[in-house]
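# Chains, contacts and geometry: an overview
Read off the chains here:
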Amino acid sequence: MAVQSLCLNLKIPFIMGGTFAASSSVDSFSGNGKPCFLCVTDGIKKEIIEKLMPEKIKGYENIDFIPKDNNPVGQSNVFLCSTCSNFMTSMFINHVFKDPSIEAPKRYLWEDTFVDSFRVLFYVNSFESVTFPAEINPNCPFCKSFEEEKEEQEAKEEKGEKEGNEEKGEKEGNEEKGEKEAKEEKEERM
Ligand SMILES: [Zn+2]
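Here the structure is a predicted model, which means the values were calculated and not measured. Residue numbering note: each chain is counted from 1, following its sequence as written. Totals for whole chains, interfaces and linings use every residue, but because this is a predicted model, local features are given only for residues with pLDDT of at least 70 and side-chain atom pairs only at 80 or more, for both listing and counting. Think of the side-chain values as coming from all heavy atoms in the structure, minus any hydrogens and water.

What follows concerns the coordination of the zinc ion. Tetrahedral metal sites with four donors have an ideal angle of 109.5 degrees; octahedral sites with six donors have ideal angles of 90 or 180 degrees. With distances of 2.3 to 2.4 Å, the protein atoms coordinating the zinc ion are Cys36 (SG), Cys39 (SG), Cys140 (SG) and Cys143 (SG). Excluding water, the donors of a metal are its N, O and S neighbours within 2.8 Å, or within 3.2 Å for Na, K and Ca, and that exclusion means sites may look incomplete. Any coordination sphere not matching a tetrahedral pattern (four donors, all angles between 85 and 135 degrees) or a square planar or octahedral pattern (four or six donors, opposite donors over 155 degrees apart, other angles between 65 and 115) is reported as irregular. One can describe the donor arrangement at the zinc ion as tetrahedral, given that its four donor atoms subtend angles of 101 to 122° at the metal. Only protein chains enter the accessibility calculation, which uses a 1.4 Å probe. A residue is then buried if its area is under 20% of the maximum for its type, exposed if over 50%, and partly exposed in between. Accessibility expressed as a relative area gives 11% for Cys39, which makes it buried.

Bringing the layout of surface pockets into the picture now. In this structure, the largest pocket spans a volume of roughly 820 Å³. Phe37, Thr41, Asp69, Asn70 and Asn71 are, among the 27 residues lining the largest pocket, the residues nearest its centre. Each helix is a run of DSSP H or I of at least 4 residues and each strand a run of E of at least 2, with the numbering of both proceeding from the N terminus. At five residues, the largest contribution of residues to the lining of the largest pocket is made by strand E1 (residues 14-20). Classification convention: Asp, Glu, Lys, Arg as charged; Ala, Val, Leu, Ile, Met, Phe, Trp, Tyr, Cys, Pro as nonpolar; all other residues, Gly among them, as polar. Here the residues of the lining of the largest pocket are counted per class, giving twelve nonpolar, nine polar and six charged. Buried and open spaces are told apart on a 1 Å grid over the protein atoms alone, a cavity being a set of points where a 1.4 Å probe fits but cannot get out and a pocket being an open set with protein on both sides within 12 Å along at least five of seven lines. Residues with an atom within 4 Å of a point are the lining residues. Grid points are joined across faces, edges and corners, and a volume is the space filled by probe spheres set on the points.

Now for a negative patch on the surface. Note on patches: the residues involved have over 30% relative accessible area and no salt bridge, like charges join within 9 Å, and the nonpolar side chains Val, Leu, Ile, Met, Phe, Trp and Tyr join within 5 Å. Calculation of accessible area relied on Shrake-Rupley with a 1.4 Å probe; when residues are assessed, cover is drawn exclusively from the protein chains displayed. Any Lys or Arg side-chain nitrogen found within 4 Å of a carboxyl oxygen on Asp or Glu counts as a salt bridge. Counted as positive: Lys and Arg. Counted as negative: Asp and Glu. His and the chain ends are not counted at all. Every charge is mapped onto a representative atom, which is NZ of Lys, CZ of Arg, CG of Asp or CD of Glu. Taken together, the side chains of Glu55, Glu148, Glu149, Glu151, Glu152, Glu154, Glu157, Glu158 and Glu161 make up a negatively charged region of the molecular surface. Considering the arrangement of structural elements, one finds Glu152 in helix H4 (residues 141-189). You can call Glu152 exposed: its relative accessible area is 54%.

Shown next, in the form of structure tokens:
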């Protein structure tokens, strides 16, 4: 969850994979949230979520405060694990090269919203794979904070542009003034 938070902070995709027995799963979450990994995860303590918020995540020197996961033993095998890593790598490459099938047009419809976050399940015994969209949680704290931050950023940029224009205008004015002074000086000397 800490990695997901950092990815949202940096606005980069979050790709995660794992194996269990004869199946593997790969998740791909867009860098814009809605949904994110927290949207599809239950049972994380509120105080941990609070500490891991995207706006705080870069401020930590270590994340020892995260409790250890009580994962079951995967009972998987090396073939499945390496296949899973290959899936993850290829998804990452698709993002790096901005593969149009991963980015827009968005492929998956969740209720009435298109999402570009999805989960792929792969079953090694039958060589079948299924892909489905990740669900959006409208109350997700990570996605909410990302939205708020984005809005703030946009407002700041808009303001910055306006100020920039004003500054430019002032500078131009000063230049004109400078020219005039120089001209006067020249005239005086003559
Ligand atoms: Zn979310």
